Amino acid sequence: APSSPSSPSALPAADSEGELMKNRLTTARQGTDVNELREAIEEAEGLGLPEEEIQPARKLLAELEAKAVHGKEAQKKLAAAVERRELEELRVAIKDAEAAQLP
């Protein structure tokens, strides 16, 4: 049976869409924008990309989210130590802020 004219083009379109999504995931993983990364993961899932393609992005997302939580906690500690003017508490809070890479 002869193939329909649309059959050959359907597969490359799917492949190129998958490749575009892989590129988007890679680009999102290179940045630190949690929302962009989350959106890229959701789109990759929607396109049915294999889990092994998505997993590194999921891992990075979890790391970025944990870092954000740690940073917020460190920021609160630092603000409290400054307010109380406790030198030792301030030293510890500064070390925590540095570890969280607060600006």
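Residues numbered from 1 in each chain as written. Predicted model: local features only at pLDDT ≥ 70, side-chain atom pairs only at ≥ 80, totals over all residues. Heavy atoms only, no water.

A. Looking closely at the overall build of the chain. Helix and strand counts for the chain stand at four helices and zero strands. Counting from the amino terminus, the chain carries its helices and strands in the arrangement α-α-α-α. Counting across all 103 residues of the chain, residues that qualify as buried make up 19%. Approximately 7500 Å² of the chain is accessible, and the part contributed by carbon and sulfur atoms is 54%. (Helix = DSSP H or I, 4+ residues; strand = E, 2+ residues; numbered from the N terminus. Buried < 20%, exposed > 50% of the residue type's maximum accessible area, 1.4 Å probe, protein only. Areas by Shrake-Rupley, 256 points an atom, 1.4 Å probe, with all protein chains shown as cover.)

B. Looking closely at the environment of leucine 78. With respect to the element layout, leucine 78 can be found in helix 3 (residues 51-84). Along the backbone, leucine 78 and alanine 93 are 15 residues apart, and their C-alpha atoms lie at a distance of 4.8 Å. Apart from the residues within four sequence positions on either side, leucine 78 is in contact with Leu90, Ala93, Ile94 and Ala97. (Contact = heavy atoms within 4.5 Å.)

C. Local environment of the packing of helix 3 against helix 4 (residues 87-99). Closest axis-to-axis distance for the helix 3/helix 4 pair is 8 Å, and the angle between their directions is 155°. In terms of orientation, helix 3 lies roughly antiparallel with respect to helix 4. Of the two possible hands of crossing, helix 3 and helix 4 adopt the one that is left-handed. Touching His70, Ala74, Lys77, Leu78, Ala80, Ala81, Val82 and Arg84 of helix 3 are Glu89, Leu90, Ala93, Ile94, Asp96 and Ala97, all from helix 4. For the contact of helix 3 with helix 4, the residue count by class is nine nonpolar, one polar and four charged. (Axes fitted to C-alpha atoms, helices over the stretch in contact; angles between N-to-C directions. Parallel < 35°, antiparallel > 145°, perpendicular 65-115°, else oblique. Left-handed = near helix turned anticlockwise from the far one by under 90°. Nonpolar A, V, L, I, M, F, W, Y, C, P; charged D, E, K, R; others polar.)

D. Quick peek at the packing of helix 2 (residues 34-47) against helix 3. Running from amino to carboxyl end, helix 2 crosses helix 3 at an angle of 150°, the nearest separation of the two axes being 10 Å. In terms of axis orientation, helix 2 runs roughly antiparallel to helix 3. At the point where helix 2 passes helix 3, the crossing takes the left-handed sense. The segment helix 2 lies against helix 3, with Val34, Leu37, Arg38, Ile41, Ala44 and Glu45 engaging Ile54, Ala57, Arg58, Leu60, Leu61, Leu64 and Glu65. For the contact of helix 2 with helix 3, the per-class residue count stands at nine nonpolar, no polar and four charged.

E. Representation of the confidence of the model for the chain. On average, residues of the chain score 75 in pLDDT, and 83% of them reach the 70 mark or higher. Predicted confidence in the chain is weakest over helix 1 (residues 6-30), with a mean pLDDT of 62, and strongest over helix 2, with 87. For the stretch residues 1-14, pLDDT sits under 50, and the model shows zero contacts to residues farther than four places along the chain or on other chains. (pLDDT = per-residue confidence, 0-100.)

F. Representation of helix 4 in the model. Spanning 13 residues, helix 4 covers 18 Å between terminal C-alpha atoms, matching the ideal 18 Å at 1.5 Å per step. Looking one or two residues beyond helix 4, the residue adopting positive phi is glutamine 101, at roughly 55°. (Expected span 1.5 Å × (residues − 1).)

G. Highlighting the environment of leucine 90. In this structure, leucine 90 sits in helix 4. What makes leucine 90 partly exposed here is its relative accessible area of 23%. Note: C-alpha distance between leucine 90 and lysine 77 (13 residues apart in sequence) is 8.3 Å. The contacts of leucine 90, once residues within four sequence positions are left out, are Leu78, Ala81 and Val82.

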